[in-house]
Amino acid sequence: MGAAMSVWEVVLRSVAVLAAFLVLPLLVGFMEHKVMAHMQARLGPMYAGGFHGWAQLIADAAKFVQKDDLLPTAADKGVFRLAPSLALIPYLVALAVVPLSPSIVGADAPASAVVVLAATAVGVLGGLMAGWASANKYSLLGGLRSAAQLIAYELPMVLAVASVALAAGTLSLTGIATEWRPWWLLWQLPAAFVFLAGGCAEIQRPPFDMPLADSEIVFGPYTEYSGLRFALFLLAEYAGIVLMSLLMSVMFLGAWHGPWSGPLGWLWTILKAVPIAFLFLWFRNSWPRLREDQLQRFAWLVLVPLALVQLLITAVGVVMMR
Amino acid sequence: MSERGFLPGVFKGLGITMKTMARPAVTHEYPDARPDLPPRSRGVIALVEENCTSCMLCARECPDWCIYIEGHKETIPATTPGGRERQRNVLDRFAIDYALCMYCGICVEVCPFDALYWSPQFEYAEFDIQDLLHEKERLGQWVQTVPVPPALDERAPDAAEVVSANKPPRVPRPAAAAGDATGAVSAAGEAPVRRERPAGGDRPARAERPAPEAAAGAPTDATTDAATPATRDAEPAAPPEPPEPAVPAEPPVAPEEETS
Amino acid sequence: MTALDVALVGFGLLALAGALLAVTTRHIVHAALWLVVALGSLAGVYLVLGAEIVALVQLLVYVGAIVVLVLFALMVTRSPIGPSRDHATSPAHRGVAAVIAAGLVALLLAVLLPIAGSGAVTRQVTSNRALGADLFGTWAWPFELLSLLLLASLVAALAIARSRAVTGKEDA
């Protein structure tokens, strides 16, 4: 990877990935504004930009930039400042290896599925650092919860990815999507469920938002953040939705498989990711937050056994098809 | 986590939000479209200055003490030579601090002279909280926005005013009837006719009512009025009428209630 | 000197600095974060040498799970912001530790330097398939032994946690 690319190609790909990284989370964020509003019989933003408030998030960003960048006196300054970037950048790295079509991919790594898992695992460190460095008991509680949640949900997610990787015989996302067949929808259904739940927990979206829980521990690790740093955390959350939706699309829904998949493959990948992103928003609006013990029970007593059983099913399938 | 009934509830929740999303939103796009407020909306309290007698009832009943009333006494010279001078209250200041007001409406309820009304007008936000103290000029402007009171429900009892106006005049007691037996008879004969009159139909409006002086010729009417000095309409029973016809007379307790 | 050389030396120095800071810092949570730097740089070294999957697993397991666990433990217990000498060791203790560490370094250098050679760094890409075959073929028994070790520690941790819960009940 990378060795055969010219400098210009590297720059072009980086810029493209960065653009996608900045635009797609905004689209998801706007979708959340609107979907949430209509699920609550409201209209949502209607003014910014004219047509149905399409520029609301840009206006929000302008607002965040103007806000004061507060720094708690007792905070650990360096760690506090570093945390938002550490929460955001891993998602950028992960997005770079997700293919939209066999040819459209930021960087085609041979083990891109593992790259994605490693990146998201590192990303959670940002939340932990923020939680500890804020010198705030709510933040510390949030940090603790997010650490416990990460440890619990990392395992079933890795197992779910292992299942599809085993089925496809490769660790590359491009390879997995190429090998995908429609009947995998049924074969890998438990893994898809585990990955969806695990992904939801990994990016700390409701109903797995115990670490943030704005109504009880006032946004946990983000309590002390304001202005641009808080915006970075928000962007990381939406980038997380984008990443998880695209991964679901690539690994479990066959990415670019579909009519006219040659020229329009990338469109298929995105079209399949949109309903998944909608699912994340739908869950948030429909379900209450899980309690900490329910969260752990769900991970260890439902998701992990389910993922192990799925791994077994996949192994049997692979051996039988050989 | 109760295992039973877990899954159905989860899907029920999803169904509810999806159903809500399919329905149109209930939002009123306020600055673009006027909200359709319910009748009797409590937007702001309007003051009909002419009706106010500075009796201070509203200011004293206000739980927040947000009504400020200032006034002074004016002496009205006697209208007839050798007559008694009269005093009346003049309202100098009537202000409501809407930063304090909690919109309970007690002032509107207690006002005995219909000087305070609820208006649905609500667009009087200010940038400074001190600007929410509105004087009587501003309160008076809101009178124009006071809606016509909603019609009574079908088969509802008549308003108290209508009922009292349609009451037959009380038959004077023999001792109070100035010793005229014919007057008593005539009043008794008139009563059934009045009772059959439709409510509010051809009854003269309050302003058009014959003045007590005009009715003084009939001794029965005079005694009836004298027997009930504080009628609901608060029309003066005593002969000297204040010069301004628009201002009702003082309530019986008014002179002692003078403000600073 | 090739770019690979530079990258390797850079990551190596970063790992060394991170490791040194992790053991010398007075901020206990910073120690865990410097450990992240050291382990991450080590992953970088693996990446430079072409062992992509090892580098990623290093990140996933060590940074994503073990350091998170360490941070979790630090947060559950006391984790003051700012320098603290609560966990400082005595000079004698430190001296012994330094001697042992020096001995370990000498031993490793003695073993590794002769086979290191003097040529430029070369990148030997191992395919994931070959790595998997090696891991679960040639090295299956050590791998299983390792998992047995982890299982034993898991059972031991459970036993400790359970026994404490029982005594706690008796106390109450």
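The coordinates are above.
In short, a report on the structure. (Residues numbered from 1 in each chain as written. Chains lettered and ligands numbered in written order. Predicted model: local features only at pLDDT ≥ 70, side-chain atom pairs only at ≥ 80, totals over all residues. Heavy atoms only, no water.)

## Brief notes about the overall build of chain B
Worth spelling out the cut-off: To qualify as a helix, a DSSP run of H or I must reach at least 4 residues; to qualify as a strand, a run of E must reach at least 2; elements of each kind are numbered from the N terminus. When a residue's accessible area, from a 1.4 Å probe over protein chains only, is under 20% of the maximum for its type it is buried; when over 50% it is exposed; and in between it is partly exposed. Here a residue-residue contact requires only that any non-hydrogen atoms of the pair lie within 4.5 Å.
A count of helical and extended segments in chain B gives 8 helices and 5 strands. Walking chain B from its N terminus toward its C terminus, one meets helices and strands in the order α-β-α-β-β-α-β-β-α-α-α-α-α. Taken across its 260 residues, chain B has 24% of its residues classed as buried. In chain B, the proportion of contacts linking residues at least 24 apart, taken out of those at least 6 apart, comes to 76%.

## Regarding the packing of helix α8 (residues 189-202) of chain A against helix α12 (residues 292-321) of chain A
A packed helix pair is summarised by two numbers, namely the angle formed by the two axes and the spacing between the axes. Residue and element names in this part refer to chain A. Selection criterion: For every element, the axis is a line fit to its C-alpha atoms; helices are fit only across the contacting stretch, and the angle between N-to-C directions ranges from 0 to 180 degrees. For any helix crossing, the convention is left-handed if the near helix is rotated counterclockwise from the far helix by under a right angle, and right-handed if that rotation is clockwise. Lys, Arg, Asp and Glu make up the charged group, whereas Ala, Val, Leu, Ile, Met, Phe, Trp, Tyr, Cys and Pro make up the nonpolar group; the residues left over, Gly among them, are polar.
The N-to-C vectors of α8 and α12 enclose an angle of 145°; their axes lie 9 Å apart at closest approach. As α8 runs across α12, the sense of the crossing is left-handed. Seen from α8, the contacting residues are Leu189, Pro190, Ala191, Phe193, Val194, Ala197 and Gly198; seen from α12, they are Phe298, Leu303, Leu306, Ala307 and Gln310. Classifying every residue of the contact of α8 with α12 gives 10 nonpolar, 2 polar and no charged.

## Some remarks on unusual backbone geometry
In this structure, the amide linkage connecting Pro206(A) to the following residue, Pro207(A), adopts the cis form with an omega of 5°. Assignment of secondary structure puts Pro207(A) in the loop between α8 and α9 (214-217). In this structure, Trp65(B) is a non-glycine residue whose phi angle is positive, near 55°. Take Trp65(B): it is sitting in the loop between α2 (57-61) and β2 (67-76).

## A look at the pattern of salt bridges
Stated precisely, the cut-off is as follows: Put simply, a salt bridge is a Lys or Arg side-chain nitrogen that is within 4 Å of an Asp or Glu carboxyl oxygen.
For the coordinates displayed, the defined rule picks out 14 salt bridges over all chains. Salt-bridge contacts for Glu237(A) lead to Arg205(A); the nearest nitrogen and oxygen are separated by 2.8 Å. With Glu237(A) in helix α10 (residues 227-252) and Arg205(A) in the loop between α8 and α9, the pair connects residues that are 32 residues apart, well separated along the chain. Comparing Glu237(A) with Arg205(A), the two get one shared label, buried. Here Glu135(B) ties to Arg93(B) by a salt bridge, and the two come within 3.1 Å at their closest N and O atoms. Taken together, the residues span a long stretch of sequence, with Glu135(B) in the loop between β5 (133-134) and α4 (136-141) and Arg93(B) in strand β3 (residues 86-97) at a distance of 42 residues. Classification of Glu135(B) by relative accessible area gives partly exposed; the value is 27%.

## A closer look at the side chain of Thr17(B)
With respect to the element layout, Thr17(B) can be found in helix α1 (residues 6-22). Judged by its relative accessible area of 7%, Thr17(B) is buried. Apart from residues no more than four positions distant in its own chain, Thr17(B) is found in contact with Met39(A), Trp282(A), Asn285(A) and Ser286(A).

## Examining the interface of chain C and chain A
Our working definition: Buried area: the accessible surface (1.4 Å probe) lost by two parts on joining, summed over both. Between N or O atoms, a polar contact is any pair within 3.5 Å; within protein, one atom must be a potential hydrogen donor and the other a potential acceptor, and residues adjacent in sequence are included only when both atoms are from side chains.
Contacts between chain C and chain A engage 24 residues on the former and 30 residues on the latter. Summed over both partners, the interface of chain C with chain A buries about 2200 Å², with 80% contributed by carbon and sulfur atoms. Area buried by chain C at its contact with chain A is led by Leu60(C), Met75(C) and Ile81(C), which between them contribute 30% of it. For the interface between chain C and chain A, the tally reads 0 salt bridges. Our count for the chain C to chain A interface comes out at 1 residue pair in polar contact (both at pLDDT 80 or more). Elements with a contribution of two residues or more to the side of chain C that touches chain A: α2 (28-48), α3 (52-76) and α5 (128-138) of chain C. Per-element tally for the side of chain C that touches chain A: the top contributor is α3(C), with 14 residues. By residue class, the composition of the side of chain C that touches chain A is 17 nonpolar, 5 polar and 2 charged.

## Some points on the sheet that holds β3(B)
Think of a sheet as strands paired side by side through backbone hydrogen bonds, with each pair either parallel or antiparallel. Residue and element names in this part refer to chain B. Basically, it comes down to this: By this definition, two strands are paired if DSSP reports at least two bridges between them.
Ordered in space as β2-β3-β5, the 3 strands form an open sheet in which the pairing is antiparallel. Single-partner strands in this sheet number two, and they are β2 and β5. Two elements, β2 and β3, share 10 bridges in a ladder whose sense is antiparallel. Bridging across to β3, Ile69 finds its partner in Phe94.

## Details of the interface of chain B and chain A
Contacts between the two partners involve 15 residues from chain B, matched on the other side by 18 residues from chain A. Together chain B and chain A conceal approximately 1500 Å² of surface at their shared face, both sides included; 69% is due to carbon and sulfur atoms. If you look at where chain B meets chain A, you find 0 salt bridges. For the interface between chain B and chain A, the tally reads 7 residue pairs in polar contact (both at pLDDT 80 or more). Of the residues that constitute the side of chain B that touches chain A, the class distribution is 8 nonpolar, 4 polar and 3 charged.

## Some details on the nonpolar core
Residue and element names in this part refer to chain A. Stated precisely, the cut-off is as follows: Nine residue types can take part in a nonpolar core, namely buried Ala, Val, Leu, Ile, Met, Phe, Trp, Tyr and Cys, and a core is a set of them joined through side-chain atoms within 4.5 Å.
In this structure, Tyr153, Phe195, Phe208, Leu247 and Met251 are the most contacted members of the largest nonpolar core, which totals 82 residues. With 14 residues, the single largest contributor to this core is α10. If near-sequence neighbours (up to four positions away) are discounted, Met251 is found in contact with Val161, Val164, Leu173, Ile176, Trp180 and Phe195. In terms of nonpolar packing, the next biggest core, distinct from the first, is built from 34 residues, Phe80, Leu125, Ala133 and Leu150 among them.

## Remarks on α8(A)
Residue and element names in this part refer to chain A. The line we're drawing: For a helix, the expected span equals 1.5 Å multiplied by the number of residues minus one.
An ideal rise of 1.5 Å per residue puts 20 Å on 14 residues; α8 measures up with 19 Å between its terminal C-alpha atoms. Of all the 14 residues making up α8, 11 are buried; the element is thus mostly covered by neighbouring parts of the structure. Regarding α8, the residues found buried are Ala191, Ala192, Val194, Phe195, Leu196, Ala197, Gly198, Gly199, Cys200, Ala201 and Glu202. Positioned one or two residues after α8, Gln204 has a phi angle of 55°, which is positive.

## Concerning a nonpolar patch on the surface
Applicable threshold: Patch criteria: residues need more than 30% relative accessible area and no salt bridge. Like-charged residues are merged within 9 Å; nonpolar side chains of Val, Leu, Ile, Met, Phe, Trp and Tyr are merged within 5 Å. Here the accessible surface of atoms and residues is derived via Shrake-Rupley with a 1.4 Å probe, and residues count as covered only by protein chains that are part of the display.
Together, Ile104(A), Trp260(A), Leu264(A), Trp266(A), Leu267(A) and Leu271(A) give the surface a local cluster of nonpolar side chains, amounting to about 590 Å² of exposed area. Given a relative accessible area of 33%, Leu264(A) falls into the partly exposed group.

## Let's talk about the packing of aromatic side chains
For clarity, the cut-off: Ring geometry is summarised as follows: Phe, Tyr and Trp rings, the Trp one being its six-membered ring, pair when their centres sit within 6.5 Å, and such pairs are stacked at plane angles under 30 degrees, edge-to-face over 60 and tilted between the two. For a ring to carry a charge above it, either NZ of a lysine or CZ of an arginine must fall within 6 Å of the ring centroid while also lying within 35 degrees of the normal to the ring plane.
Using the criterion set out here, one finds 21 aromatic pairs over all chains in the structure. Where Tyr222(A) meets Phe233(A), the ring centres are 4.2 Å apart and the plane angle is 20°; that geometry is what we call stacked. Taken as a pair, Tyr222(A) in the loop between α9 and α10 and Phe233(A) in helix α10 lie far apart in primary sequence, 11 residues in all. Note on Tyr222(A): relative accessible area 11%, which makes it buried. An angle of 85° between the planes, with centres 6.1 Å apart, marks the rings of Tyr98(B) and Trp142(B) as edge-to-face. With Tyr98(B) in the loop between β3 and α3 (106-110) and Trp142(B) in the loop between α4 and α5 (160-165), this pair connects stretches of sequence that are 44 residues apart. Over the face of the ring belonging to Phe64(A) we find Lys63(A), whose NZ or CZ atom lies 4.9 Å from the ring centre. For the cation-ring pair, Lys272(A) lies above Trp180(A), with the distance from its terminal atom to the ring centre recorded as 5.5 Å.

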